[in-house]
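Each chain is listed here by its residues.
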Amino acid sequence: MTGSTPFRKRRFRKSGDPAETQAGTTDPATGPGAPGVPAVPSDTAAAVPSATAADEESRQSFGARRVQAVKNGVRKGGEGAKAAALYITDRIIENAPRVPVRDLATLRAQFPDLDPDRLADKLITGAANATSAVGASIGAAAMLPVPPAMPAEMAAEITGVALIELKLLAELHEVYGLRAPGNLGERSFAYLTSWTEERGVDLTKPTTLNLALGGQMKRELRQQIMKRMFRNLPNLMPFMVGAAVGAVMNRRDTRKLAEKVRADLRTRAVAWDALPQLPPLERPAQPLPEATRRVIEGPDADRRG
């Protein structure tokens, strides 16, 4: 039409142009308040959360869920470790009176011409070799593709090592003339207390069965077993690494325990010439299975008779 601006020559306005914005917001046909178009309050935009706030809230919620999942996992793991420690504690207490212990007369007959310290060295070396063999065997078994068996392997290792060291401590008390008083059960639990506390038996405080089975001793024993469990975790490493680690760690820990107890016993040792005539030690009424006995007595079991 005459007087109109051709389409090609119309100026295109950029988005956000004040004129366009004003026109868009005041158009009576499409603006707010037009028929069929609800009016939008001026504070509505501030009430709608932005995408950034929503993302931040989502990340915080995800982080909280992860933290809670970790807490639940730690709690369940702690409960499982406590249950395992309690199980191992019961097995050790049950088998302590069944451990075969040699009295001083038997030891002197098997190792003649040795003084107390050299005889103690012999016993410590034999026990360290036995616990080292247990650690190596459990570490080798851990490389097999049977993850459910790993807790059982760890329990077997800790129980076996504890019984070997229990036998060692009982025989060290014999060597230094400090046999614990009482019957077989009372002596066994006295030596078990010695293993838990890592010191010699105090002969001025005889250990009774009721005291040994009390809550305090069981708590201390369970705490000692928990420490052993965490120390033995590297034994489950694959590719035979756990076997080497288990052998070295068990040998070191057995020697460390034996030296601490021996140092305590030396301060109260009684010379062999001054020892009264002691009766032979009783044999356990229910001996350990042959395979377990061989593990406890170590590689030299056959030679020791």
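Residues numbered from 1 in each chain as written. Predicted model: local features only at pLDDT ≥ 70, side-chain atom pairs only at ≥ 80, totals over all residues. Heavy atoms only, no water.

Novice: Looking at this structure, how should I read the overall build of the chain?
Specialist: Each helix and strand in the chain was counted, giving twelve helices and zero strands. Start at the N end of the chain and walk to the C end: the helices and strands fall as α-α-α-α-α-α-α-α-α-α-α-α. Within the chain, the fraction of its 305 residues that count as buried is 36%. Across the chain, contacts joining residues at least 24 apart in sequence account for 78% of those joining residues at least 6 apart. With the model as given, the accessible surface of the chain reaches about 18,300 Å², and the carbon-plus-sulfur share is 60%. (Helix = DSSP H or I, 4+ residues; strand = E, 2+ residues; numbered from the N terminus. Buried < 20%, exposed > 50% of the residue type's maximum accessible area, 1.4 Å probe, protein only. Contact = heavy atoms within 4.5 Å. Areas by Shrake-Rupley, 256 points an atom, 1.4 Å probe, with all protein chains shown as cover.)

Novice: Help me out: how do you make sense of the pattern of salt bridges in this one?
Specialist: For the structure on display, the rule yields 15 salt bridges. In this structure, the salt-bridge partner of Arg266 is Asp117, at a minimum N-O distance of 3.3 Å. Taken together, the positions of Arg266 in helix H10 (residues 241-266) and Asp117 in helix H5 (residues 116-141) put the pair 149 residues apart, joining distant regions of the chain. The exposure class assigned to Arg266 is partly exposed, which follows from its relative accessible area of 43%. In this structure, Glu290 engages Arg293 in a salt bridge whose closest nitrogen and oxygen atoms are separated by 2.4 Å. Of the two residues, Glu290 and Arg293 both sit in helix H11 (residues 290-297), three residues apart, roughly one turn of that helix. Look at Glu290 and you get partly exposed, because its relative accessible area is 43%. (Salt bridge = Lys/Arg side-chain N within 4 Å of Asp/Glu carboxyl O.)

Novice: Help me out: how do you make sense of the nonpolar core in this one?
Specialist: Ranked by internal contacts, the top residues of the largest apolar core, which has 52 residues, are Leu172, Leu192, Trp195, Ile225 and Met229. If you list the elements that add at least two residues to this core, you get helix H3 (51-95), helix H4 (104-110), H5, helix H6 (150-175), helix H7 (184-197), helix H9 (215-231) and H10. For this core, the leading source of residues is H6, giving 13 residues. (Core = buried A, V, L, I, M, F, W, Y, C linked by side-chain atoms within 4.5 Å.)

Novice: Looking at this structure, how should I read H7?
Specialist: Because each turn of an α-helix spans 3.6 residues, side chains separated by three or four positions in sequence point in the same direction. Between its terminal C-alpha atoms H7 stretches 20 Å, which fits the 20 Å expected from 14 residues at 1.5 Å a residue. A large share of H7 lies buried, amounting to eleven of its 14 residues. Buried within H7 are the following residues: Gly185, Arg187, Ser188, Phe189, Ala190, Tyr191, Leu192, Thr193, Ser194, Trp195 and Thr196. Two or three places before Gly185, at the opening of H7, Asn183 has a side-chain oxygen 3.2 Å from that residue's backbone nitrogen. Phi turns positive, to about 60°, at Glu198, one or two residues after H7. (Expected span 1.5 Å × (residues − 1). Polar contact = N/O pair within 3.5 Å; in protein donor to acceptor, adjacent residues only side chain to side chain.)

Novice: Explain unusual backbone geometry here, please?
Specialist: Trans is the prevailing form of peptide bonds, just as negative phi is the prevailing case for residues other than glycine. For Asp113, which is not glycine, the phi torsion reads 65° and is therefore positive. Tracing the sequence through the fold places Asp113 in the loop between H4 and H5. Its relative accessible area of 74% is what places Asp113 among the exposed residues. Positive phi values are uncommon outside glycine, yet Glu198 reaches one of about 60°. Among the residues examined, Glu198 registers a relative accessible area of 23% and is labelled partly exposed.

Novice: Can you walk me through the side chain of Thr89 in this structure?
Specialist: Structurally, Thr89 can be placed in helix H3. Sequence-distant contacts of Thr89, defined by excluding residues within four places in its chain, comprise Lys218, Leu221, Arg222 and Ile225.

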